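Chain and residue survey
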Amino acid sequence: MTSDLDKLRIDKSGKSAQARGGKSRIRLAAAILVAAAIVAAFFAFSPSSHTVEAGKAAMAYPSRALTLLTASGYVVAERKASLATKATARLVWIGVEEGSTAKRGDIVARLENEDVTAALERAVAQLETARHRISEARAEVTDAALHHTRMSRLVKNDYVARSEHDSATARKDKAAAALAQAETELAAREAAVAEARANLEYTLIRVPFNAVVLTKNADVGDIISPLGASANAKAAVVSIADLSSLQVEVDVSESNLAKVRQGEPCEITLDAYPDERFQGMVHMIVPTADRTKATVMVKIRFHTLDPRIMPEMSAKAAFLSRPLGPGEDVPRLAVPARAVTKRDGRDVVYRITDGHAELLEVTVTAPLGDMVEVSGPVSPGDRLVLSPPASIKNGDAINIKEG
């Protein structure tokens, strides 16, 4: 009887295990859903990362929008010279150094000249002797003429022999010939003095025009010789330039020569002063080409010379479509045109700050070549995202593309 009742009892152990397994699966599924929600929320609210090109805001000149062509070259002096001499002698005195100024005719150096000074003194003495001979010859001519006149009167009345009259005539002719010879000798002595003075002048190095000394090529004791004929001889003592004749010479490609016209306005930039601009104009297009470089030299003159400009400085010239107007010689704040984009109908840029994008609203006022003039919370030197992608947002991480 008892055994039959045991058979009719319900066994609850299997159902309990099954229930416990179902609850575990429910808890696991819930945990997975929570984790997925956390991950989704993380990716939904964490900033994105973008790899972009970067440019810089800078102060740009309005001439960028007017530039037709740019070319590189150097500042040169139209008037320059290397001072040398026709004489060969030792340098005994030099009175200038680099940077010295000199006026036309000033003596800047002197060669040893004792021999030519003595030759000049001898020539002057011989000239004086020739002048005395002229005086003597003229006196003889006067006396011979008077004697001949007396003899002519006396011979008419037969007071003297005809032979004495002939002798007086010969003396007169001889005196005239002596005077002519003395005059010729005087001219020769004067020429000798001029030659001696010229030889003395060759030992003096004079400045042919108002100039500044650029280089000093010799020192006291050096042998100065025409063309530096000796291995130890110097040909030039100093090199000078007229700094009032400074101009820029640039090479323009033959393919761009049609964009250059004589009198065309230019803006000159010197590597020594990159933040300054100097105004000029095309002075000359040299009428010959360099076949090795396929270029033509163009000479540009400064409107106003700055005392800081020196010969042989590197320069760049921008050929402008028109002269600059009032205020156009002042730089303006500009950003690369590719940095400006539209967001909700507004002009904005993305500044890169601590590796993240910072959205800034700007106002575009004028184009400046490949840049645009803007106003807004942008400063020169700020790094900006170029061609911002549509997906970029304020605060996104930024990686700058190399190269």
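Owing to the predicted nature of the structure, the values given are computational and were not obtained by experimental measurement.

**Focus: the pairing of strand β22 (residues 363–368)**
In the sheet, β22 pairs with strand β23 (residues 371–375) via five bridges, with the strands oriented antiparallel. Looking at β23, one finds that Pro367 is bridged to Val372. The antiparallel hairpin formed by β22 and β23 contains two residues in its connecting segment, where Gly369 sits at a positive phi of about 70 degrees.

**Comments concerning helix α4 (residues 162–201)**
In this model, α4 (40 residues) spans 59 Å end to end at C-alpha, consistent with the 58 Å of a helix rising 1.5 Å per residue. Summarising the contacts, the buried residues of α4 are in contact with α3 (114–156) and β8 (204–206).

**Thoughts on the packing of aromatic side chains**
Taken as a whole, this structure holds one aromatic pair when the rule is applied. Centre to centre, the rings of Phe278 and Phe302 are 6.4 Å apart; their planes meet at 85 degrees, and the pair counts as edge-to-face. Placement of Phe278 in strand β15 (residues 273–290) and of Phe302 in strand β16 (residues 295–302) is noted, with a sequence separation of 24 residues between them. It is Arg79 that lies over the ring of Phe209; its NZ or CZ is 4.7 Å from the centre. Just above the ring of Tyr273 sits the side chain of Arg308; from NZ or CZ to the centre is 4.6 Å.

**Considering the side chain of Ser225**
For Ser225, the position within the fold is in the loop between β10 (223–224) and β11 (233–234). A polar contact of 3.5 Å, which involves the side chain of Ser225, links it to the side chain of Thr88.

**Some points on the confidence of the model for the chain**
Confidence in the prediction for the chain averages 87 pLDDT; 87% of positions are at 70 or higher. Mean pLDDT in the chain bottoms out at helix α1 (residues 2–7), which sits at 50, and peaks at β16, which reaches 97. Across residues 41–46, where pLDDT falls below 50, the model places zero contacts with residues more than four positions away in sequence or in other chains.

About the thresholds
- Residues numbered from 1 in each chain as written.
- Predicted model: local features only at pLDDT ≥ 70, side-chain atom pairs only at ≥ 80, totals over all residues.
- Heavy atoms only, no water.
- Pairing = 2+ DSSP bridges.
- Helix = DSSP H or I, 4+ residues; strand = E, 2+ residues; numbered from the N terminus.
- Expected span 1.5 Å × (residues − 1).
- Contact = heavy atoms within 4.5 Å.
- Phe/Tyr/Trp six-rings, centres within 6.5 Å; stacked < 30°, edge-to-face > 60°.
- Lys NZ or Arg CZ within 6 Å of the ring centre and 35° of its normal.
- Polar contact = N/O pair within 3.5 Å; in protein donor to acceptor, adjacent residues only side chain to side chain.
- pLDDT = per-residue confidence, 0-100.

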